[in-house]
Amino acid sequence: MFWDKEWETLSRAELEQWQLRRLRSTVQHVARHVPFYQQKCAERGLGARAILSLKDIRRLPFTTREDLRATYPFGLLAVDRADVIRLHTSSGTTGKPKAMFFSKKDVAGAADLIARCLVMTGVGRGDVLQNMMTYGLFTGALVMHYGAEKVGLMVIPAGPGNSERQCLLMQDFRTTVFHTTPSYALYLAQFLKERGIDPRRDLSLRKAYIGAEPYSDETRRKIESALGVKVYNSYGLSEMNGPGVAFECEHQQGMHLWEDHFLIEIVDPATGNPVPDGEEGEMVLTTLRREAMPILRYRTRDITSVIRTPCPCGRTHRRIRRITGRADDMLIVRGVNLYPQQIERVLMSLPAVGHSYQIHLEGLDELIVKVELADASFDGRVEHLVNLQREIVERLRADLLVKPRVELLPPGSLPVSEGKAKRVFDKRIL
Ligand code: AMP
Ligand code: ZN
């Protein structure tokens with residue numbers, strides 16, 4: 001099923017021609033209207049005519065998160081303020097926010113991409129989407145909302161949290177699809193279990209769109225088996241509209257990145273140089289259709305790689321692999337590089353582990369992993385706990401090459417956050 005078959009199956013040659021044309025006009029647009037890019041291009045002696053092929057994108061300057069903050073609030077706006085119909089800001093946990101502007105065309109374009117994503121996963125009119133992302137300045141909920149309405153789903157703008165109410169809505173309005181973060185999906189699964197609600201028996205859920213934070217295949221499987229849904233990985237970032245940048249199709253082998261809207265590069269996060277085709281690195285994205293706030297070569301900090309083989313679904317837009325982590329999330333513990341997701345993968349593959357965990361770094365270089373149990377019935381069965389703890393330590397050590405201290409906690413001990421979960425607490429002295 002396609003929302004827009006013509007665009008979704010454009011031949012590679014046509015797609016690349018379109019990209020080149022759009023890249024050139026985007027450069028022209030920002031060079032005319034955005035002093036930040038004017039200056040950057042002038043420093044490099046670049047004009048739109050400098051872009052003769054897609055490879056020439058490498059001559060353009062990168063845009064970083066810091067650039068967005070430094071130019072806050074209006075520095076990257078490329079249209080008249082009267083042409084902006086919506087503002088979003090990033091959910092950034094630290095420092096100044098980043099402002100994102102949408103023109104009428106941008107709002108429609110973002111909704112259109114969501115429409116492609118939803119139809120691609122086999123939902124449509126008659127489906128009921130419970131949108132549990134945060135409404136407001138964050139792009140996560142609103143962009144999904146508009147796209148889902150465009151397709152004709154019934155949208156329940158539930159927002160995050162308040163699990164009691166989420167359950168009620170799911171039951172009363174027969175929710176078939178929901179959209180949330182992996183951490184909240186796991187929490188919800190636990191919540192339903194504690195209330196004696198069996199999703200397969202008592203609810204009508206079919207599919208879940210899970211994104212906004214990195215998660216592993218193990219977490220996907222845990223959500224799928226606990227909630228009886230098929231989980232689709234949904235990737236996006238506020239700087240590039242929000243959700244709908246890349247999404248899994250029914251084959252669920254990587255996420256199609258909509259290449260008529262975004263030009264993708266994968267670079268070495270340290271040097272910014274391109275990595276060999278198909279290899280892992282930092283994803284860099286350039287907007288190709290945005291009007292109010294086009295961004296050239298945005299350093300996402302997200303680590304992934306491009307799948308080079310065509311997808312059996314027939315879409316020609318290339319797929320990216322699951323994000324393995326953010327360049328900024330890498331931890332160095334006793335000289336070893338590790339990503340929080342490696343820990344998550346091990347924990348979520350163990351049925352005795354519940355939905356939540358935290359990673360603490362303390363003292364000189366001590367790694368402490370706090371893990372919630374799936375079931376309170378472990379209480380009192382000391383030998384089980386000791387064995388489980390030993391197993392987790394061993395599995396983590398084998399995977400990370402660092403031996404952690406593992407603390408087991410009863411279900412519900414760790415706080416549940418309403419947006420993105422905070423998992424890592426680095427309180428090291430050095
Ligand atoms: P925000 O701008 O607040 O929407 O956050 C965007 C960031 O969330 C991305 O740059 C990624 O680091 C992360 N993110 C969003 N979706 C996913 C996903 N499906 N898998 C991994 N990370 C994700
Ligand atoms: Zn596909």
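Residues numbered from 1 in each chain as written. Chains lettered and ligands numbered in written order. Predicted model: local features only at pLDDT ≥ 70, side-chain atom pairs only at ≥ 80, totals over all residues. Heavy atoms only, no water.

(A) Spatial organisation of helix α6 (residues 139-151). When the terminal C-alpha atoms of α6 are compared, their 19 Å separation across 13 residues agrees well with the 18 Å that a helix rising 1.5 Å per residue should span. Every buried residue belonging to α6 is among Thr139, Gly140, Ala141, Val143, Met144, His145, Gly147, Ala148 and Val151, and all of these are buried. Glycine 152 sits one or two residues past α6 and shows a positive phi near 105 degrees. (Helix = DSSP H or I, 4+ residues; strand = E, 2+ residues; numbered from the N terminus. Expected span 1.5 Å × (residues − 1). Buried < 20%, exposed > 50% of the residue type's maximum accessible area, 1.4 Å probe, protein only.)

(B) Quick look at the coordination of the zinc ion (ligand 2). Protein-derived ligands of the zinc ion (ligand 2) are Cys249 (SG), His256 (NE2), Cys311 (SG) and Cys313 (SG), with the metal-ligand distances lying across 2.1 to 2.3 Å. Because the angles between the four donor atoms bound to the zinc ion (ligand 2) fall within 101 to 119 degrees, the donor set is best described as tetrahedral. Taken in sequence order, the residues that donate to the zinc ion (ligand 2) follow the motif C-x6-H-x54-C-x1-C. Remark: cysteine 311 occurs in the loop between β13 (306-307) and β14 (319-320) and histidine 256 occurs in strand β9 (residues 255-257); sequence separation between them is 55 residues. Each member of the pair, histidine 256 as well as cysteine 311, is classed as buried. (Donors = N, O, S within 2.8 Å, 3.2 Å for Na, K, Ca; no water. Tetrahedral: all angles 85-135°; square planar, octahedral: opposite > 155°, others 65-115°.)

(C) Representation of the pattern of salt bridges. The tally for this structure, following the rule as stated, stands at 32 salt bridges. The partner of lysine 40 in a salt bridge is aspartate 67, with the nearest N and O atoms 4.0 Å apart. Of this pair, lysine 40 sits in helix α3 (residues 35-43) while aspartate 67 is found in helix α4 (residues 65-70), placing the two residues 27 residues apart along the sequence. Residues glutamate 366 and arginine 405 are paired through a salt bridge, measuring 2.9 Å at the closest nitrogen-oxygen approach. Of this pair, glutamate 366 sits in strand β19 (residues 366-373) while arginine 405 sits in strand β20 (residues 405-409), and the two are 39 residues apart along the sequence. (Salt bridge = Lys/Arg side-chain N within 4 Å of Asp/Glu carboxyl O.)

(D) Here's a closer look at the side chain of glutamate 282. Looking at the element boundaries, glutamate 282 is found in strand β11 (residues 281-287). Under the relative-accessibility criterion, glutamate 282 is labelled buried at 0%. Setting aside anything within four residues of it in sequence, one finds glutamate 282 in contact with Glu265, Ile266, Val267, Pro269, Arg299, Thr300, Arg301, Asp302 and Ile303. (Contact = heavy atoms within 4.5 Å.)

Such coordinate-based values are descriptive only and should not be taken to indicate function.
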